[in-house]
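One-letter residues, chain by chain:
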Amino acid sequence: PTAAATPLPVLGRDVTVPLVTGGEVAYAALDYAASAPALQRVWDDVAAYAPYYGSVHRGAGYLSQLSTDLFENSRRTVAEFLGCRDGDQVVFTRSTTDSLNLLAGALPAGCRVFVFETEHHASLLPWRDADVTCLDAPRTPAQAVETLERALAAREPYGPALVCVTGASNVTGELWPVRELAAAAHAHGARIVLDAAQLAPHHPVSVTDLDADWVAFSGHKLYAPFGAGVLAGRADWLREAEPYLAGGGASRSVSRRADGGVDVQWHDSAARHEAGSPNAIGAYAIASACKALTEAGFDTLVAREEYLIGKVREGLAEVPEVRVLSLFGDDAPRVGVLSFVVDGWNSSHFAAALSAEYGIGVRDGLFCAHPLVRTLLGSDPETQGECGAPQAAPGEKSLNAIRVSFGAGTPDEHVERFVDAVK
Ligand code: PMP
């Protein structure tokens, strides 16, 4: 990897923030894993579309027709970005959380769900009505596959089953062996949904190449704001399920019965799960981001990110009090997401100091992945450790961690400032 590749232009580069030490500094957004800044290109595309904005699927007027076209074209762009197969559906949702809850509501009766305890709560919690098997945190990618295979085999025979797994951890940034996990799931007759919230902004995600049945991601982590997300994949379970929301747009025909009740025929297409006026700007922004990332080229983006990860890793390695958190070992491949604790420091205070004294925005806490972070910290599950938690005294175990994350828009100076500040 070389430093030659330049970051993509993003919003927020000109934002300055006050420092407690006096003066102002350009804000260093190093919290991409929570929400990435919008690409300038996405912003420009949205601004160009905004005056023409109209209702989608709702009118004969020119602007309504235009918005409908842009919305449906956005769906096609996303399908292409995700390498969808013929017959797959792309449903526009509000977020990854929304996408996975939608899928949870579409599980066939008696469906079993297998999920690692290491998942983000968005992938861990939506399956409450199913028969859930929660798997132990693996310590190598190979162990993840073995653990899943063993769990699937132990519970056979069964009818429908679903494995839900992250593509890249929002805590450690580590890449999960998605292709191998998909093969294991399919070998046992189960399906797999990939939580690509952290993977899709950094690596190409193709449902065909990975042989994933569904994939979910959020626009606001993929350099496109505006409260939209995606669930894409197999149509059958979605088509057979009750609509996620009941309302206009999802229904093909509604009639009043003679006995006073109401009969409904729902759409079979993605519209079945998109009741209400859709978020056309959100979908358009996602499609714009998909195009921008494809045009920039993931090879280039990955090489640049690895260069930045190397800088952060080298810098942190020079600080003996820093412990980087990892499940799969220090050298495991990861995206630009890295969590750590600093011996003798309260993680929340540390993050607050990075902000107040250096203008650097990072995240602290348990990152909506409580079981994983507690496993990594070796802390007691009974101990509370969210943001602002009392810190263990020097030498004691930390109760929460600090996370730095970056991506396509990050200039060298931001990670350099971060490393200097930690030192
Ligand atoms: N999965 C992962 C791996 C995530 O990092 C996040 C966001 N932190 C989510 C799911 C949920 O995304 P959203 O808040 O956009 O629904």
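From a predicted model like this one, the values you see are computed outputs, not experimental measurements.

A. Inspection of the sheet that holds strand β6 (residues 131-135) at higher detail. Spatially, the seven strands line up as an open sheet ordered β4-β10-β9-β8-β7-β5-β6, and their pairing is mixed. Lying at the two open borders of the sheet, with one neighbouring strand each, are β4 (89-93) and β6. When strand polarity is set aside, the average angle formed by the axes of neighbouring strands in this sheet is 20°. With five bridges joining them, β4 and strand β10 (residues 229-233) adopt antiparallel strand pairing. Counterpart to Val90 in the pairing with β10 is Ala232. Sitting on the sheet, helix α3 (residues 96-105) touches β4, β8 (191-195), β9 (214-218) and β10, and the angle it makes with β10 is about 40°. With respect to the sheet, helix α5 (residues 141-154) is in contact with β5 (112-116), β6 and β7 (161-166), its orientation differing from that of β6 by roughly 145°.

B. Up close: unusual backbone geometry. At Tyr223, a position not held by glycine, the phi torsion is positive, near 65°. Here Tyr223 is to be found in the loop between β9 and β10. Residue classification places Tyr223 among the buried residues on the basis of 30 C-beta atoms within 10 Å. Here Cys368, not a glycine, exhibits a phi torsion of approximately 55°, which is positive. Residue position: Cys368 is located in the loop between β16 (363-365) and α12 (370-377). In this structure Cys368 comes out as partly exposed when scored by C-beta crowding, with 19 C-beta atoms within 10 Å.

C. The arrangement of the domain arrangement of the protein in detail. Per the domain assignment, the segments making up the protein are domain 1 (16-30 + 297-422) and domain 2 (43-295). Look at where the C-alpha atoms of domain 1 and domain 2 centre, and you get two points 29 Å apart. Tallying the contact residues gives 26 residues for domain 1 and 24 residues for domain 2. Mapped by element, the contributors of at least two residues to the side of domain 1 that touches domain 2 are α10 (298-317), β14 (337-342) and α12. Considered class by class, the residues forming the side of domain 1 that touches domain 2 number 18 nonpolar, five polar and three charged.

D. Just helix α2 (residues 62-81), in detail. Between the first and last C-alpha of α2 there are 28 Å, a value that for 20 residues agrees with the 28 Å anticipated at 1.5 Å per step. Among all positions in α2, only Ser67, Leu70, Phe71, Ser74, Arg75, Thr77, Val78 and Phe81 are buried. Each buried residue of α2 sits inside an arc of 165° when the element is viewed along its axis, so together they form one side. Turned more than 90 degrees away from the buried face of α2 sit Tyr62, Asp69 and Arg76, all of them exposed. Among the residues trailing α2, Gly83 stands out with phi positive, at a value near 55°.

E. The arrangement of the pairing of strand β12 (residues 262-266) in detail. Burial analysis of β12 places just zero of its five residues in the buried class, which makes it a mostly uncovered element. Judged from the five bridges that link them, strand β11 (residues 251-256) and β12 form a sheet pairing that is antiparallel. Counterpart to Ser253 in the pairing with β12 is Gln265. Joining the antiparallel neighbours β11 and β12 is a turn of five residues, in which Gly260 adopts a positive phi near 95°.

F. Summary view of the site of the ligand. As a structural note, the neighbourhood of the ligand is formed by 14 residues, with Ser95, Thr97, Asn170, Ala197 and Ser218 the closest of them. Those elements that place two or more of their residues in the shell around the ligand are α3 and α4 (121-124). Here the shell around the ligand is composed, by residue class, of four nonpolar, nine polar and one charged.

G. Broad picture of the packing of α5 against helix α6 (residues 178-187). Contact geometry for α5 and α6: axes closest at 10 Å, N-to-C directions at 15°. Relative to α6, the element α5 lies roughly parallel. Between α5 and α6 lies a crossing whose hand is right-handed. Taken together, the residues of α6 that come into contact with α5 (itself represented by Ala144, Val145, Leu148, Glu149 and Leu152) are Glu180, Leu181 and Ala184. Among the residues forming the contact of α5 with α6, the class breakdown is six nonpolar, no polar and two charged.

H. α5, seen in detail. With 14 residues, α5 extends 20 Å between its outermost C-alpha atoms, agreeing within 8% with the 20 Å of an ideal straight helix rising 1.5 Å per residue. Those residues of α5 lying buried are Pro141, Ala144, Leu148 and Leu152. An end-on view of α5 places all buried positions within 60° of arc, on one side of the element. α5 presents Ala142, Arg150, Ala153 and Ala154 as exposed residues on the side facing more than 90 degrees away from its buried surface. On its buried face, α5 is in contact with β5, β6, β7 and α6.

Rules behind the numbers
- Residues numbered from 1 in each chain as written.
- Predicted model: local features only at pLDDT ≥ 70, side-chain atom pairs only at ≥ 80, totals over all residues.
- Pairing = 2+ DSSP bridges.
- Helix = DSSP H or I, 4+ residues; strand = E, 2+ residues; numbered from the N terminus.
- Axes fitted to C-alpha atoms, helices over the stretch in contact; angles between N-to-C directions.
- Contact = placed C-beta atoms within 7 Å.
- Buried ≥ 20, exposed ≤ 12 C-beta atoms within 10 Å, placed from the backbone.
- Domains from an automatic or database assignment.
- Nonpolar A, V, L, I, M, F, W, Y, C, P; charged D, E, K, R; others polar.
- Expected span 1.5 Å × (residues − 1).
- Arc of directions from axis to C-beta.
- Near = placed C-beta within 6 Å.
- Parallel < 35°, antiparallel > 145°, perpendicular 65-115°, else oblique.
- Left-handed = near helix turned anticlockwise from the far one by under 90°.

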